[in-house]
Amino acid sequence: MAACSSPACSGGAEAHQQTHTTHPNNGVTTSSARSTPPPLLRFGIIGWSEPSLQKCGRFFPPNCRTGPQRLRHCASKFPCLEVDTSHYAIPTERVVGEWLRTTREFAGFKFHVKVFGMFTMRRVPFGTLPYQVRNLMLAVRSFQSQAQIRWEDLTAEAKRVLWEVQNQRLRVLSDAGRLGCVVFQFQLDFSPSDAARAWISYCRRNLGADFKMAVEFRARSWYCLLYTSPSPRDRG
């Protein structure tokens with residue numbers, strides 16, 4: 001489930017702001033904007049290299065052997081995809097450019113991008129940090145490539161640069177009209193608390209202001225709050 005900060009969520013729901021009017025003189029139906037739009041649901045899948053999809057032999061045609069070929073096939077079948085690999089490492093400019101070139105013929109196609117795991121309070125291997133951040137950290141002390149790094153381990157400048165790199169990659173997709181939502185997937189150990197809510201607000205402030213942010217909570221306790229919170233009448 002995702003709690004979204006905009007009309008479009010990570011599941012692909014987007015606002016469709018039109019109503020239809022039939023002219024009495026010719027019966028032609030035209031469209032016009034309206035203030036309360038019905039939702040337009042867009043369905044896609046997570047990633048384009050899922051092993052089960054490759055092994056089943058029913059989804060990808062035999063000539064789909066490379067990542068770009070699989071992405072192109074998915075884009076021809078779905079209006080959106082959720083990028084999962086970006087949770088483990090921020091994609092390079094070259095990779096993002098390849099995504100755009102591969103899907104350029106599919107008008108309206110969107111990438112819903114999972115944010116880098118460190119922004120959802122996950123430890124990450126030092127080697128998965130962008131090189132700009134690694135260089136800043138190595139100027140302070142040495143790290144092994146597989147050393148697990150926490151957000152608290154980063155210097156203030158490294159944190160700033162990490163946000164900068166994340167937003168730069170997302171900006172490439174956004175400027176091309178291909179960015180759907182930026183998905184923040186919080187794991188089971190991220191439970192409701194004032195600190196957790198403050199972190200989500202911090203992420204919203206640092207994410208590009210015009211990017212749509214979606215939040216997914218794996219801990220069910222977040223959803224229990226919807227049923228256990230007292231109503232205004234109960235609170236007196």
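Basis of the calculations
- Along each chain, residues carry numbers from 1 onward, in the same order as the chain's sequence is written.
- It should be noted that, the model being predicted, local features are given only for residues of pLDDT at least 70 and side-chain atom pairs only at 80 or more, the latter also being counted only at that level, while totals for whole chains, interfaces and linings use all residues.
- By convention in this description, side-chain values take in all heavy atoms of the structure and omit both hydrogens and water.
- In this description, a line fitted to the C-alpha atoms serves as the axis of each element, helices being fitted only across the stretch in contact, and the angle between N-to-C directions of two axes falls anywhere from 0 to 180 degrees.
- Numbering goes from the N terminus for both helices and strands, where a helix is a DSSP run of H or I of at least four residues and a strand is a run of E of at least two.
- Any angle that is under 35 degrees is reported as roughly parallel, and any over 145 degrees as roughly antiparallel; angles of 65 to 115 degrees are reported as roughly perpendicular and all others as oblique.
- The contact criterion used is simple: two residues touch if any of their non-hydrogen atoms lie within 4.5 Å.
- Throughout this entry, Asp, Glu, Lys and Arg are counted as charged residues, while Ala, Val, Leu, Ile, Met, Phe, Trp, Tyr, Cys and Pro are counted as nonpolar. The remaining residues, Gly among them, count as polar.
- In this analysis a 1.4 Å probe is tested at points of a 1 Å grid over the protein atoms alone, and where it fits but cannot get out there is a cavity; an open set with protein on both sides within 12 Å along at least five of seven lines is a pocket; lining residues have an atom within 4 Å of a point.
- Grid points are joined across faces, edges and corners, and a volume is the space filled by probe spheres set on the points.
- To form a nonpolar core, buried Ala, Val, Leu, Ile, Met, Phe, Trp, Tyr and Cys residues must be joined to one another through side-chain atoms within 4.5 Å.
- Here the term buried applies to any residue with accessible area under 20% of the maximum for its type, exposed to any over 50%, and partly exposed to those in between, with areas from a 1.4 Å probe on protein chains only.
- The definition of a polar contact used here is a pair of N or O atoms within 3.5 Å, where within protein one atom must be able to donate a hydrogen and the other to accept one, and adjacent residues in sequence count solely through side-chain atom pairs.
- Stacked, tilted and edge-to-face are the three classes applied to pairs of Phe, Tyr and Trp rings, where Trp contributes its six-membered ring and a pair requires centres within 6.5 Å; stacked means planes under 30 degrees apart, edge-to-face means over 60, and tilted covers the rest.
- What makes a salt bridge here is a side-chain nitrogen of Lys or Arg within 4 Å of a carboxyl oxygen of Asp or Glu, nothing more.
- How sure the predictor is of each residue is captured by pLDDT, a score from 0 to 100.
- Crossing handedness is defined as follows: a turn of the near helix away from the far one that is anticlockwise and smaller than a right angle gives a left-handed crossing, while the clockwise case is right-handed.

## A word on the packing of helix 4 (residues 131-138) against helix 5 (residues 156-175)
At a minimum axis separation of 9 Å, helix 4 and helix 5 run at an interaxial angle of 170°. By the angle between their directions, the pair helix 4 and helix 5 is classed as roughly antiparallel. Touching Gln132, Val133, Leu136 and Met137 of helix 4 are Glu157, Ala158, Val161, Leu162, Val165 and Arg169, all from helix 5. When grouped by side-chain class, the residues that make up the contact of helix 4 with helix 5 number seven nonpolar, one polar and two charged.

## Considering the layout of surface pockets
Taken as a whole, the largest pocket spans an internal volume of roughly 190 Å³. What lines the second largest pocket is a set of 13 residues, and nearest its centre among them are Ile90, Thr92, Leu129, Pro130 and Tyr131. The set of elements that each furnish at least two residues to the lining of the second largest pocket consists of helix 4 and helix 5. Counting residues per element, the lining of the second largest pocket draws most heavily on helix 4, which supplies three residues.

## Structural notes on the nonpolar core
Generally speaking, a soluble globular protein has its nonpolar side chains buried in company with each other. One finds Phe111, Met118, Leu129, Trp151, Leu154, Leu162 and Phe184 to be the most contacted residues of the largest nonpolar core, which totals 53 residues. The element that contributes the greatest number of residues to this core is helix 5, accounting for seven residues. Among residues more than four places away in sequence, those in contact with Phe184 are Val115, Phe119, Thr120, Trp163, Cys203, Leu207, Met213, Ala214, Val215 and Glu216.

## Comments concerning the side chain of Gln187
Tracing the chain through its elements places Gln187 in the loop between strand 11 (179-186) and helix 6 (194-206). In terms of polar contacts, Gln187 uses its side chain to reach the side chain of Gln185, at 3.2 Å. For Gln187, the residues in contact, after removing those within four places along its chain, are Arg122, Arg218 and Ala219.

## Looking at the packing of aromatic side chains
With the rule as written, the count across this model stands at 19 aromatic pairs. Both rings, one in Trp151 and one in Tyr202, keep their centres 6.2 Å apart while their planes meet at 70°; by these two values the pair is edge-to-face. Taken together, the residues Trp151 in the loop between strand 10 (148-149) and helix 5 and Tyr202 in helix 6 connect sequence positions 51 residues apart. The pair Trp151 / Tyr202 is uniform in exposure class, with both members buried. Through a chain of ring-to-ring contacts, the aromatic side chains of Phe116, Phe119, Trp151, Trp163, Trp199 and Tyr202 assemble into a single cluster.

## Looking at the pattern of salt bridges
Side-chain pairs of opposite charge can arise where the charged atoms are in close proximity. According to the stated counting rule, one finds twelve salt bridges in the structure shown. When the shortest N-O distance is used, the salt bridge between Arg160 and Glu164 registers 3.2 Å. In this pair, Arg160 and Glu164 both sit in helix 5, four residues apart, roughly one turn of the helix. Under the relative-accessibility criterion, Arg160 is labelled partly exposed at 43%. A single salt-bridge network, built from bridges that share partners, covers Glu82, Asp84 and Lys114.

## Focus on helix 2 (residues 67-77)
Taken together, the buried positions of helix 2 are occupied by Arg70, Leu71, His73, Cys74 and Ala75. Where helix 2 is buried, its residues contact strand 6 (45-46), helix 1 (51-56), strand 7 (80-83), helix 3 (93-103) and strand 8 (110-114).

## Notes on unusual backbone geometry
Despite not being glycine, Met121 shows a phi value in the positive range, around 65°. Mapped onto the elements of the fold, Met121 is located in the loop between strand 8 and strand 9 (124-125). The partly exposed category is assigned to Met121, whose relative accessible area is 35%.

## What about the confidence of the model for the chain?
Per-residue confidence for the chain gives a mean pLDDT of 84; residues scoring 70 or more make up 81%. Contacts of residues 1-33 to residues separated by more than four positions or lying in other chains number 76 contacts, the stretch itself having pLDDT below 50.

## Describing the packing of helix 3 against helix 5
It is the contact of helix 3 with helix 5, at a shortest axis distance of 10 Å, that shows an interaxial angle of 20°. By the criterion of interaxial angle, the relationship of helix 3 to helix 5 is roughly parallel. Considering only the axes of helix 3 and helix 5, their crossing is right-handed. Residue-level contacts link Glu93, Val96, Trp99 and Leu100 of helix 3 to Arg169, Val172 and Leu173 of helix 5. Among the residues forming the contact of helix 3 with helix 5, the class breakdown is five nonpolar, no polar and two charged.

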